[in-house]
Amino acid sequence: MNCLRYPATCFIHKLGRGHRDKVQQFMAITGSSEKAAVQALKASDWHLEGAFDIFYSQPHIRTVTDSRHLEELYNRYKGKMLVVKNEGSQDPYVDMILVDGITLLCNDLQVDPQDIVMLVVSWHMKAATMCEFSRQEFIGGLQYLGIDTIEKFRDKLSYMRSELKDEQKFREIYNFAFGWAKEKGQKSLALDTAIGMWQLLFAERHWPLVDHWCQFLQVRHNKAISRDTWSQLLEFAKTVDLQLSNYDEEGAWPYLIDEFVEYLTENGIVQRHQN
Amino acid sequence: MSAQKKRTFKIEAFKHRVELDPKYAERTWKVLEHAIHEIYNHNASGLSFEELYRNAYNMVLHKYGEKLYSGLVTTMSGHLKEIAKSIEDSQGGLFLEELDRKWGDHNKALQMIRDILMYMDRTFVPGNHKTPVHELGLNLWRDNIIRSGKIQTRLLDTLLDLIHRERTGEVINRSLMRNITKMLMDLGSSVYQEDFEKPFLEVSASFYSGESQQLIECCDCGEYLRKAERRLTEETERVSHYLDVKSEVKITSVVEGEMIANHMQRLVHMENSGLVNMLVDDRYEDLSRMYNLFRRVPDGLSTVRDVMTSHLRETGKQLVSDPERLKDPVDFVQHLLDEKDKYDKIISKAFNNDKSFQNALNSSFEYFINLNNRSPEFISLYVDDKLRKGLKGVSEEDVEVVLDKVMMLFRYLQEKDVFEKYYKQHLAKRLLSGKTASDDAERSMIVKLKTECGYQFTSKLEGMFTDMKTSVDTMQGFYANQYSETGDGPTLAVQVLTTGSWPTQPSAPCNLPAEILGICDKFRTYYLGTHTGRRLTWQTNMGTADIKATFGKGQKHELNVSTYQMCILMLFNSADQLTYREIEQATEIPAPDLKRCLQSLACVKGKNVLRKEPMSKDIAEDDAFYFNDKFTSKFIKVKIGTVAAQKESEPEKQETRQRVEEDRKPQIEAAIVRIMKSRRVLDHNTIVTEVTSQLQSRFLPNPVVIKKRIESLIEREFLERDKNDRKLYRYLA
């Protein structure tokens with residue numbers, strides 16, 4: 001057997017069943033070649049997620065996108081409802097993908113607009129606000145992801161979904177969500193929106209106290225949420241156990257979280273044994 | 001024939017040794033031995049010192065020192081044994097005397113013997129490591145007399161018995177005691193300690209233990225302490241008379257231990273006579289005694305101090321929570337001052353101005369004064385009362401004294417900023433109603449507050465005084481400016497207040513009577529003419545008016561009323577009867593104020609210049625008011641209802657507190673920023689501590705509020721959390 005001449009076949013035969021499955025999965029998700037798949041998987045010690053990271057972070061592997069296609073895509077979705085001041089001039093305000101465009105996009109992607117994957121997409125695009133993409137955000141984001149057609153976009157979705165399972169990425173996406181979901185020009189996030197986002201996010205990364213948290217806020221706080229509170233909540237959910245036994249009163253938690261702990265104890269939801 | 005030998009003269013020693021005939025040694029010894037006998041038999045006068053000395057000298061010289069020494073030992077011991085017997089045989093009370101006498105004799109004999117044997121003492125003794133004669137004599141005395149079986153116990157028992165008798169009131173022979181104990185001391189301090197002092201202390205301990213048990217059952221605290229003190233004095237005296245001076249501290253500590261240390265708790269807490277009772281009744285002598293006795297034992301003073309502290313805190317707590325007391329703020333504060341005075345006196349008269357007691361007093365006051373969150377308000381009311389009238393006729397020094405005492409209470413306050421707010425309100429009312437009794441006293445108080453809290457505290461207060469003064473000047477200018485237009489019209493006295501210096505009062509405008517309006521406008525024109533860019537707003541809820549009124553039978557009275565009341569009364573110049581609604585409409589005075597004014601004009605005996613129908617106490621919307629022709633008063637000048645500073649009503653109180661809390665927020669933030677700017681990175685708890693300590697001269701910040709302020713500063717990007725340690729904060733330049 002001359003392995004040099006039939007490298008792919010050679011590799012496949014030499015892999016075990018489990019590895020073979022992974023290679024196939026990888027290829028399906030990334031659309032890469034078998035060789036690239038095996039390379040990436042080997043480099044990540046046969047962990048799929050790690051392999052994805054490696055694959056996508058290697059600049060020379062990045063698929064070159066066709067900028068013409070990207071323009072076409074953008075134009076398909078960009079805002080059609082116009083209040084054009086001067087005929088023929090480019091009104092920068094409208095040169096964006098707005099709600100209608102996004103609905104259409106989701107349709108094309110066969111994805112519910114409420115699906116959390118759209119948040120991940122927005123994150124990749126570094127979108128400033130929800131429900132709109134600027135030209136730079138859309139095109140730049142897709143370039144980065146190596147997408148220039150709807151099919152490729154669709155294919156990428158499951159990878160993006162998987163990114164939520166990664167601790168570090170989840171945290172980035174979570175913190176990104178604050179700035180993205182709040183009103184432009186506001187410093188804080190409206191309570192209703194915050195609650196919606198929390199429900200969405202903590203469906204991905206289960207936190208049993210999320211419902212109590214939302215209820216508590218509606219009953220006791222009823223005001224907007226600050227960025228610090230938002231980001232510290234994730235730390236709280238990650239580090240403090242459900243019996244609150246390792247909750248440290250001197251732990252510099254935001255006062256809202258201190259009040260939440262009080263609320264839980266007062267209402268008997270959690271029995272704290274004081275050490 | 002032999003040559004003649006040349007011979008030089010030589011003097012040679014004897015070629016044969018001049019031997020001291022051993023018999024000679026024996027003979028010499030016998031002489032000395034005999035001498036010793038004679039000495040002990042009080043027959044020394046027949047002896048020749050020189051001869052004896054020479055004999056002793058020769059013996060030593062001829063190497064018979066050993067014989068001499070041991071002979072001495074034997075002879076002396078022999079005599080001492082006889083002496084012992086005679087002492088043992090002495091009867092009862094004569095025992096000590098006999099011992100004393102024999103001791104004296106022995107010392108004399110010893111002296112002589114030593115003199116005789118001085119050569120031996122100096123040459124033979126050191127070289128042969130023997131005990132010197134004098135010491136030898138003492139040791140032999142010790143061993144043969146003092147430590148002799150029969151004498152030892154008897155001696156100790158006798159001594160202890162005598163001491164016991166003296167303790168129970170008998171008189172004993174102190175100089176004899178002195179001699180005996182001195183003897184023991186001379187024999188060596190270990191003899192004194194072993195043979196006397198140690199057992200003495202043990203016996204004393206059990207004596208005092210018994211006595212203290214007895215006394216504590218039947219005496220009250222003061223009596224007990226008196227007795228304990230007496231015993232201590234007694235023992236000290238005993239030591240000075242017939243014991244070794246080093247025994248003093250030992251015996252006193254036995255007494256202290258048995259009588260005081262062992263019963264401390266019981267004494268201090270004794271019902272009806274313990275420490276608390278003494279404090280309450282100001283029993284300085286008893287307290288002083290307790291202090292002096294307890295300071296001698298470990299934890300004595302801390303016991304006293306702790307009981308005093310908890311009593312003080314308890315009574316203080318009751319004082320500040322007693323609703324009856326709180327009804328009269330001035331009285332309340334007076335009680336606090338009296339309590340402070342009382343304890344200051346106790347500490348100075350009975351507790352030796354002990355600093356630790358001072359500190360306990362201060363911390364107790366600080367504790368309970370702050371239990372009641374109205375304390376700042378009440379203290380301000382007290383000062384207000386004094387500055388209004390309370391200090392009339394009081395000398396300048398006494399004024400200072402009162403104010404200084406109030407400042408002491410002020411220092412205890414944790415919420416000094418609340419006090420500041422109230423003081424401002426009360427001062428404003430005083431100044432505007434002209435109720436200050438003494439300008440000097442007012443200024444003195446400001447100076448004291450400034451010294452205590454810094455210039456920022458008082459700058460606004462001083463602004464108020466300035467406004468008052470400036471207003472006077474302005475009025476002078478105004479009237480100088482007026483041509484003779486005033487004539488019959490009302491005279492106006494205006495106080496112009498700078499907003500910002502004075503506590504803000506919302507003032508709803510009311511309709512001034514035409515005559516007043518006229519002159520008010522004139523003033524406004526004059527003022528704005530000289531001060532451009534300013535805005536004047538009449539504060540009709542303040543101010544007074546003097547009105548001349550003529551009643552039914554022609555009686556004239558001068559009524560002193562508030563501005564609102566003036567507006568109401570002037571209406572009656574053009575109408576004899578007015579309903580409540582008509583008055584309300586005409587004056588536009590806010591309803592609650594209007595009702596109060598009408599009540600004071602119509603419902604108060606002696607001040608009812610108006611008549612109301614129906615005659616009820618409350619004002620209803622349908623009531624009708626009439627000018628009361630029948631009004632009479634003894635006084636020509638009648639004053640109707642001035643607003644004095646009163647305790648705030650509930651809603652007013654809430655409002656003030658709210659404002660104070662709001663004012664605190666920026667102060668806390670400023671402190672946080674200051675601290676973070678210099679430290680750059682700090683953890684949460686340290687920030688809280690630092691902020692608290694920076695602000696403590698004004699108020700005690702709530703840690704939760706500090707946390708909220710930190711979060712607000714994070715929000716506004718003055719600070720951020722450290723990326724790795726969420727408990728750390730960083731300053732963002």
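Residues numbered from 1 in each chain as written. Chains lettered and ligands numbered in written order. Predicted model: local features only at pLDDT ≥ 70, side-chain atom pairs only at ≥ 80, totals over all residues. Heavy atoms only, no water.

Condition: UniProt positions are given in the numbering used here, feature names are shortened, and annotations may be inferred rather than shown by experiment.
By the naming in an unreviewed UniProt entry, chain B is Cullin family profile domain-containing protein, taken from Musa balbisiana. The record held by UniProt for chain B lists under Sequence similarities (unreviewed entry) the comment "Belongs to the cullin family."

Where an unreviewed UniProt entry is consulted, chain A appears under the name Defective in cullin neddylation protein, with the organism given as Musa balbisiana. The heading Function (unreviewed entry) in the UniProt record of chain A holds the text "Neddylation of cullins play an essential role in the regulation of SCF-type complexes activity."

**A closer look at the overall build of chain B**
Selection rule: To qualify as a helix, a DSSP run of H or I must reach at least 4 residues; to qualify as a strand, a run of E must reach at least 2; elements of each kind are numbered from the N terminus. The atom set for the radius of gyration is the C-alpha atoms, and the globule formula is 2.2 Å times the number of residues raised to the power 0.38. A 1.4 Å probe rolled over the protein chains alone gives each residue an accessible area, and that area as a share of the maximum for its type sets the label: buried under 20%, exposed over 50%, partly exposed in between. In what follows, a contact means two residues having at least one pair of non-hydrogen atoms within 4.5 Å. Each accessible area is a Shrake-Rupley estimate made with a 1.4 Å probe; only the visible protein chains count as cover when residues are assessed. Neither His nor the chain termini are counted; the positive set is Lys and Arg, and the negative set is Asp and Glu. Lys charges are placed at NZ, Arg charges at CZ, Asp charges at CG and Glu charges at CD.
Secondary structure assignment for chain B yields 30 helices and 9 strands. The globule rule puts the C-alpha radius of gyration for 733 residues at 27 Å, and the 49 Å found for chain B is more than 25% above it. C-alpha atoms of chain B, sized along the principal axes, occupy 180 × 75 × 55 Å. Buried positions account for 44% of the 733 residues belonging to chain B. Contacts in chain B between residues far apart in sequence, at least 24 positions, make up 70% of those at least 6 positions apart. As displayed, chain B offers around 39,300 Å² of accessible surface, 50% of which is attributable to carbon and sulfur atoms. One finds the centroid of the 109 positive side-chain charges in chain B at a distance of 4 Å from the centroid of its 110 negative side-chain charges.

**Examining the interface of chain B and chain A**
The cut-off we apply is this: Buried area: the sum, over both parts, of the accessible surface (1.4 Å probe) that disappears when the two are put together. For this analysis, a salt bridge means a side-chain nitrogen from Lys or Arg found within 4 Å of a carboxyl oxygen belonging to Asp or Glu. Identification of polar contacts relies on pairs of N or O atoms within 3.5 Å, with a donor-acceptor requirement for protein atoms, meaning one able to donate a hydrogen and the other able to accept it, and with residues adjacent in sequence counted only if both atoms are side-chain atoms.
Across the boundary between the two partners, chain B contributes 12 residues, which contact 17 residues of chain A. Regarding the contact of chain B and chain A, the summed buried area is about 1,300 Å², with carbon and sulfur atoms giving 43% of it. Its largest share of buried area at the contact with chain A, chain B owes to K707, E715 and R726 of chain B, together 43% of the area lost on that side. Where chain B meets chain A, there are 3 salt bridges. Between D248 of chain A and K727 of chain B there is a salt bridge, with its nearest N and O atoms 3.5 Å apart. Inspection of the chain B/chain A interface yields 10 residue pairs in polar contact (both at pLDDT 80 or more). Of all the elements in the fold, those that place two or more residues in the side of chain B that touches chain A are α29 (684–695) and α30 (703–715) of chain B.

**Structural notes on the domain arrangement of chain A**
Residue and element names in this part refer to chain A. Let me state the cut-off plainly: Where each domain begins and ends is defined by an automated method or by a domain database.
Here chain A is described as being made up of domain 1 (7–61), domain 2 (67–163) and domain 3 (179–266). A straight line from the C-alpha centre of domain 2 to that of domain 3 covers 30 Å. Contacts between the two partners involve 9 residues from domain 2 and, on the opposite side, 9 residues from domain 3. Of the roughly 870 Å² buried between domain 2 and domain 3 on both sides combined, carbon and sulfur atoms contribute 69%. By the criterion of area lost to domain 3, the three top residues of domain 2 are I116, L119 and M130, representing 59% of everything that side buries. The tally of links from domain 2 across to domain 3 stands at 1 salt bridge. Where domain 2 packs against domain 3, one counts 2 residue pairs in polar contact (both at pLDDT 80 or more).

**Focus: the pattern of salt bridges**
Applying the stated criterion across every chain yields a total of 80 salt bridges over all chains. Ionic pairing is found between D108 of chain A and R76 of chain A, a salt bridge with its closest N-O pair at 2.8 Å. Here D108 of chain A is found in helix α6 (residues 99–109), whereas its partner R76 of chain A is found in helix α5 (residues 67–77), with 32 residues between them in sequence. Judged by its relative accessible area of 17%, D108 of chain A is buried. Taking relative accessible area as the criterion, R76 of chain A reaches 40% and is therefore assigned partly exposed. In this structure, E462 of chain B and K450 of chain B form a salt bridge, with 3.4 Å as the shortest nitrogen-oxygen distance. In this pair, E462 of chain B is assigned in helix α23 (residues 455–481) and K450 of chain B in helix α22 (residues 439–453), connecting sequence segments 12 residues apart. Residue K450 of chain B is classed as partly exposed on the basis of its relative accessible area of 31%. A cluster of three or more residues bridged by salt bridges with shared partners is formed by E166, R167, R174, E211, R231, E234, E235, E237 and R238 of chain B.

**Thoughts on the sheet that holds strand β5 (residues 624–627) of chain B**
Residues and elements named next belong to chain B. Keep this limit in mind: Here a strand pair is declared whenever DSSP counts at least two bridges between the two strands. Only the stretch in contact is used when a helix axis is fitted, and all axes are lines through C-alpha atoms; the angle between N-to-C directions ranges over 0 to 180 degrees.
Spatially, 3 strands are ordered β3-β5-β4 in an open sheet, and the strand pairing comes out antiparallel. A strand with exactly one partner marks an edge of an open sheet, and here the two such strands are β3 (577–579) and β4 (610–613). Across the sheet, the axes of successive neighbouring strands diverge by a mean angle of 25°, strand direction being ignored. Packed on one face of the sheet, helix α26 (residues 580–587) meets β3 and β5 and runs near 85° to β3. Contacting β4 and β5, helix α27 (residues 591–602) runs over the sheet at an angle of about 110° to β4.

**Focus: the packing of aromatic side chains**
Aromatic ring pairs are described here by two measures, namely the spacing of the ring centres and the angle between the planes. Worth spelling out the cut-off: Think of it this way: a Phe, Tyr or Trp ring, Trp meaning its six-membered ring, pairs with another when their centres are within 6.5 Å, and the plane angle makes it stacked under 30 degrees, edge-to-face over 60, tilted otherwise. Both a distance and an angle decide whether a charge sits over a ring: NZ of Lys or CZ of Arg must be within 6 Å of the ring centre and within 35 degrees of the ring normal.
Taken as a whole, this structure holds 47 aromatic pairs over all chains when the rule is applied. Ring centres of Y174 of chain A and F202 of chain A lie 6.2 Å apart, and the angle between their planes is 55°; on these two criteria the pair is classed as tilted. On the criterion of sequence distance, the pair formed by Y174 of chain A in helix α10 (residues 167–181) and F202 of chain A in helix α11 (residues 191–204) is long-range, its members being 28 residues apart. Assigned by exposure class, Y174 of chain A and F202 of chain A land together as buried. The ring of F357 of chain B has R305 of chain B sitting right over it, with the charged end atom 5.8 Å from the ring centre. A cation sits over an aromatic face here: R313 of chain B above Y367 of chain B, 4.6 Å from the ring centre.

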